[in-house]
Amino acid sequence: MHFEDLSAYQYDLPKPLEGVMTVGWLSSSAPFQQGAVSQEFSVALKRLLITNRVNKTRGYHRCELCSVNEIYVCTGNKEKIRLGSAELWLRSERNQSIYAAPDLIWHYIFDHGYLPPVPFVDAVIESLAGINWNANEEARRLLDSAFL
Ligand SMILES: [Zn+2]
């Protein structure tokens, strides 16, 4: 599923969710920005993959950009998470925005050189200062509100 970066989230919804912006919904048919991210960003993103994965699906999405079938991220000594079946939701106090990315964004960044938009990069780094936002609860509430 492809969405422009920073467009209103509307995956599987009857109407777009204002205030929730998509990041990293890449497709093989659309060019995307490439570049390097900082160590700080990668530490923060990995932490978010542990705490902020929401909207889990039963199956797994594959990466459209390559043929790798099962994609994992190591989150600890012997722990790993399989990517492709959830989204990462994140709120930035500073930007007053919520971002929704496929959890495959990790793979897009570190295996395909994708560079997410600056507000998202900032929001991910901002999360290092502490997360006082229940991603699961808030995502559920917002997703449900699209059907009202
Ligand atoms: Zn890939």
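Residues numbered from 1 in each chain as written. Predicted model: local features only at pLDDT ≥ 70, side-chain atom pairs only at ≥ 80, totals over all residues. Heavy atoms only, no water.

J.: I keep staring at the coordination of the zinc ion and nothing clicks. Help me out?
T.: A metal bound by six donors in octahedral fashion has ideal angles of 90 or 180 degrees, whereas one bound by four tetrahedral donors has an ideal angle of 109.5 degrees. Only Cys63 (SG), Cys66 (SG), His107 (NE2) and His112 (NE2) from the protein reach the zinc ion as donors, at distances of 2.0 to 2.2 Å. If you look at the zinc ion, its four donor atoms make angles of 100 to 113° with each other, and the shape they trace is tetrahedral. Taken in sequence order, the residues that donate to the zinc ion follow the motif C-x2-C-x40-H-x4-H. Residue Cys63 is found in the loop between strand S3 (53-54) and strand S4 (71-74), and its partner His107 is found in helix H2 (residues 105-112); the two are separated by 44 residues along the sequence. (Donors = N, O, S within 2.8 Å, 3.2 Å for Na, K, Ca; no water. Tetrahedral: all angles 85-135°; square planar, octahedral: opposite > 155°, others 65-115°. Helix = DSSP H or I, 4+ residues; strand = E, 2+ residues; numbered from the N terminus.)

J.: So what exactly am I meant to see when it comes to the nonpolar core here?
T.: Within soluble globular proteins, side chains that are nonpolar tend to cluster in buried spots. Grouped together as the largest cluster of nonpolar side chains are 26 residues, with contacts concentrated most on Phe41, Leu45, Leu83, Ile105, Tyr114, Phe120 and Val124. Where this core is concerned, the elements lending two or more residues are helix H1 (39-51), S4, strand S5 (80-83), strand S6 (87-92), strand S7 (97-102), H2 and helix H3 (118-126). Excluding residues that lie within four positions of it along the chain, Leu83 makes contacts with Leu49, Tyr60, Ile71, Val73, Asp103, Leu104, Trp106 and His107. Of all hydrophobic cores here, the second largest spans 17 residues; its members include Tyr11, Leu13, Val20 and Ile98. (Core = buried A, V, L, I, M, F, W, Y, C linked by side-chain atoms within 4.5 Å. Buried < 20%, exposed > 50% of the residue type's maximum accessible area, 1.4 Å probe, protein only. Contact = heavy atoms within 4.5 Å.)

J.: What's the story with the pattern of salt bridges in this structure? I'm lost.
T.: Pairing between side chains of opposite charge can happen when the charged atoms of each approach one another. Under the criterion given, the structure shown has four salt bridges. Asp103 is the partner of Arg53 in a salt bridge, and the nearest nitrogen-oxygen pair spans 3.1 Å. Here Arg53, found in strand S3, pairs with Asp103, found in the loop between S7 and H2; they are 50 residues apart in sequence, far enough to count as distant. When sorted by exposure, Arg53 lands in the same class as Asp103, which is buried. Of the charged contacts, one joins Glu93 and Arg91 as a salt bridge, the two residues approaching to 3.0 Å between their closest N and O atoms. (Salt bridge = Lys/Arg side-chain N within 4 Å of Asp/Glu carboxyl O.)

J.: Explain the sheet that holds S6 here, please?
T.: Note on sheets: strands pair through backbone hydrogen bonds, and any given pair is parallel or antiparallel. What the five strands build is an open sheet, ordered S1-S2-S7-S6-S3; its pairing is mixed. Unpaired on one side and paired on the other, strand S1 (8-9) and S3 mark the two borders of the sheet. In terms of strand pairing, S3 meets S6 through two bridges, oriented antiparallel. Following the sheet pairing, Val54 is matched in S6 by Glu87. (Pairing = 2+ DSSP bridges.)

J.: Would you take a moment to explain the packing of H1 against H3 for this structure?
T.: Orientation of H1 relative to H3, taken along the N-to-C sense of each, is 70°, at an axis distance of 8 Å. In this view, H1 runs roughly perpendicular relative to H3, as classed from their interaxial angle. Facing H1, whose interface residues are Glu40, Phe41, Ala44, Leu45 and Leu48, H3 presents Phe120, Val121, Val124 and Ile125. When grouped by side-chain class, the residues that make up the contact of H1 with H3 number eight nonpolar, no polar and one charged. (Axes fitted to C-alpha atoms, helices over the stretch in contact; angles between N-to-C directions. Parallel < 35°, antiparallel > 145°, perpendicular 65-115°, else oblique. Nonpolar A, V, L, I, M, F, W, Y, C, P; charged D, E, K, R; others polar.)

J.: What am I meant to see in unusual backbone geometry here?
T.: Trans peptide bonds make up most of the peptide bonds, and negative phi angles are found at most residues other than glycine. The backbone phi angle of Leu6 is positive, close to 65°, even though this residue is not glycine. By secondary structure assignment, the location of Leu6 is in the segment before S1. Here the phi dihedral of Gln96 falls at roughly 55°; this positive angle occurs in a residue that is not glycine.

So, to be careful, I would describe these as geometric facts and stop short of saying anything about function.
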